[in-house]
Structure formats: structure tokens, C-alpha cells
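# Inside the fold
Here's the letter readout for the chains.
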Amino acid sequence: MIKRITVLAIFYTFLFGQFTQEWEVQQDLYERGLLYFDANQDSIPEITKFWWNTVTLYDGANNYEVIWNVIDDEYENLILWKIYDFDRDSLREAIFIRSNTYDTVTTAVMQMPVFSQAATWSSTELPGIISYLDAEDVDNDGNIEVVFGVNRFDTVDSTYYASLHVLDGATGNEEWSSGEFRGYITGPYLGDIDNDDVVEIMINLYDFNTENYLLRVYSYSGTMNTFSRTDPVSPGLISVGPNYPNPFNPRTVIPLLLTRSSRVSIRILNMKGEEVTTILRGELAPGRYQFSWAGKDGTGRPLPSGIYYYQVTTGAQVTTRPMVLLK
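The structure reproduced in this document is the subject of the present report.

Here is what the cut-offs are and how they apply
Residues numbered from 1 in each chain as written. Predicted model: local features only at pLDDT ≥ 70, side-chain atom pairs only at ≥ 80, totals over all residues. Heavy atoms only, no water. Helix = DSSP H or I, 4+ residues; strand = E, 2+ residues; numbered from the N terminus. Buried < 20%, exposed > 50% of the residue type's maximum accessible area, 1.4 Å probe, protein only. Contact = heavy atoms within 4.5 Å. Areas by Shrake-Rupley, 256 points an atom, 1.4 Å probe, with all protein chains shown as cover. Pairing = 2+ DSSP bridges. Polar contact = N/O pair within 3.5 Å; in protein donor to acceptor, adjacent residues only side chain to side chain. Core = buried A, V, L, I, M, F, W, Y, C linked by side-chain atoms within 4.5 Å. Salt bridge = Lys/Arg side-chain N within 4 Å of Asp/Glu carboxyl O. Axes fitted to C-alpha atoms, helices over the stretch in contact; angles between N-to-C directions.

This brings us to the overall build of the chain. Across its full length, the chain carries one helix and 25 strands. The buried share among the 327 residues of the chain stands at 46%. A fraction of 40% describes how many contacts in the chain between residues 6 or more apart in sequence connect residues 24 or more apart. Approximately 17,500 Å² of the chain is accessible, and the part contributed by carbon and sulfur atoms is 52%.

Put into C-alpha cells, the structure is as follows:
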């Protein structure tokens, strides 16, 4: 008996003694730590934290001390989206997304050299929320452009409107805009899809009023190819629409189109990727569905304002999209 107790004691020491806390900092309820950027290029990523209009980077190689802190006095929210080298001179620039979401929903893009406190440029303010952003040379002029989409929800006619924008990465000047069209976009996504040495811009456009769902491809030549299909793009099983309204308070709707019977789960995740509740887990017949979420966790407790994700899973297909809860 004594020998067995000794073995168990050694086992538990090994199991629970292999992790020790390295550091901690005080944070607000709404402060989030999520993204990792190697800002100082020492091959060790920094932890990037967002707190309303403040972005803070903690040095991963130096006991996580603060190495960069940016505060935006003009907007309510600030997110460090990605770090690029626009001039290809190894002096990198950060792209920030600035937004207001309390009284009005507006957004802008800002470029700032890494570790600087002064922006190189900020774009014109636009109504709505940025859907996605990326940067490539999309017009073969040797310079990198910033490409992003904006979704705006019109409370008068309860309809989404969207627009696509291309900015000069060096100056922030707008080189091209699609103008506003009805629908909600995901993307843009950038890539040379036809091997013509021109980077195309791709978006998915969803108009739930007309049930018109499109894949659009834009190229610099000035032509636009639009591909429309009524079935999902792959033999796919399910088409997941954008939730509406978005931003929302207190309730939003998640639309699905299922082409054949399948087991489906819909989970709500927080910014850390942690599940806060499950809306559905079960078998569904083919058809169109709308599932509602009232901004509460699995115990019925109202959740704070912030960015959440709805994740729809069926078989091997997983779709995850962001949404904004405002109070």
C-alpha cells in the first residue's frame, strides 16, 4: 500500500507541476488579448490586446513588457488588423481599423509605422462596419493597395448595403470604389485566380430581400465578371448567410440554406474562440431556416457588448463569421 501511494504522489507531481505562471496584468472586463504579431521582428511574437480605442503590444521576448501602445482619441474602437511592408524597404507599417459603434456606426482605415505614435494617413470615414481587409498590388503599378469592404445596415428599410474600396497603400487616397449596392458582402479576398499576372478581387454578395446570392470577381482591366448560382458553391450541403441586423441589440438572426438532410450545430463564440452558448445541435431536413440569438450565454445571462462569432458546422464544412453586439 505504501509503495502504491508513493507512485501516485510522483504521478500527480509530474502531471500538475509542469506549468507555472509567468506573468499577469490587470485588465478591464471588455479588454481582449487575441492576436499575435512579431512587431520587432525578433522571431518571437508579441501579444496584442485591444481595449476600446487602445491597442497594446506586450514583448514576448522580454518578460512581456509593453513595447507599443496606441490610443485613438477620435474613435471609440481601435483594432490592429495586420502589419505590412508597403514600401518594401523592411520598415513595416501597421493597418488599424477605427470605428464608432455607440451612437453612430462608422469606420475608417489608418496606417501607422510600427512603434510610431503618428499616423501616415487615415482614410475617409464611411458609414458601416468593415467586412474584411487585405493588401496587394491589384493594378500592377508596383505599389501595394489596401482593399476592403464595408457593410451598412439601413434601419429605415431594414436592408444591408455594401461597398468595395481600393486605397493607395502609401497615401491612403481612394483609387477606386464600387459605389454602394444592395446586399451584404463577405470578403474581399485577393488572388490571381486565372493566372494572368493580375490579382483579382473576390467578394460574396448576399441580398436576402431578393434571395440573390452572387460571387463577384473584379479585375483592374475595368471588367467585372459576376457568377451566380442558386445552389451552394461546393456539392455542399449548407449555405450560411450573414446574420442580420449586424450590429444588433438585443437580437439577431442567422439564416441557413440546407440542400439535404444533415446534422447541424450552431455555436456562439467569444473573441477568444470560447463557446458561450449553443443555439442548435441536431438533425435538419433540407430547406431554409432562420435561427435567432438574443445575446445571452448558455445560462440565459446577458452578455456584454463586443465582437462575437457564430460557427455553423455540418460534416466537414465549418463556417465562422463575426457579429457585433451593441448595448
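Further notes follow.
Extensive coverage of strand β11 (residues 145-154) is indicated by the burial of nine of its 10 residues. Relative to β11, strand β10 (residues 129-136) runs antiparallel, the two being bridged by seven bridges. Bridge pairing links D134 to V147 in β11. Bridging between β11 and strand β12 (residues 159-168) involves 10 bridges; their strand directions are antiparallel.

Tracing the chain through its elements places R251 in the loop between β19 (238-240) and β20 (252-258). For the pair R251 and G295, spaced 44 residues apart in sequence, the C-alpha to C-alpha distance is 6.3 Å. Of the polar contacts made by the side chain of R251, one reaches the side chain of S292; its length is 2.9 Å.

The biggest cluster of nonpolar side chains holds 19 residues, and the ones touching the most others in it are L256, V264, I266 and I268. Of all the secondary structure elements, the ones that give two or more residues to this core are β20, β21 (262-269), β22 (275-284), β23 (287-293), β24 (306-314) and β25 (317-325).

Right, let's get into the pattern of salt bridges. Two side chains of opposite charge can pair, provided their charged atoms sit close to one another. Counted under the stated rule, the structure contains six salt bridges. With its nearest N and O atoms 2.9 Å apart, the salt bridge here joins E180 to R152. Of this pair, E180 sits in the loop between β13 (174-177) and β14 (181-182) while R152 sits in strand β11, and the two are 28 residues apart along the sequence. Residue class for E180 comes out partly exposed when judged on its relative accessible area of 48%. Between R301 and D297 there is a salt bridge, with its nearest N and O atoms 3.1 Å apart. Salt bridges sharing common partners tie together D72, E74 and R98.

Attention shifts here to the side chain of T277. Within the secondary structure, T277 sits in strand β22. By relative accessible area, which is 12% here, T277 ends up buried. With near-sequence residues (within four places) excluded, T277 lies in contact with R267, I268, W293, K296, D297 and G298.

Taken together, the four strands give an open sheet; going across it, the order is β22-β21-β24-β25, and neighbouring strands pair in antiparallel fashion. Edge positions in the sheet fall to β22 and β25, since each of these pairs with one other strand and no more. Strand-to-strand twist of the sheet, defined as the mean angle between neighbouring strand axes without regard to direction, takes the value 15°. Sheet topology places β21 next to β22; eight bridges connect them, and they run antiparallel. Of the residues in β22, the one forming a bridge with R267 is T278.

Quick look at the environment of P247 now. Along the chain, P247 falls in the loop between β19 and β20. Look past the residues within four positions of P247 in its chain and what remains in contact with it is V105, I129, V324 and L326.

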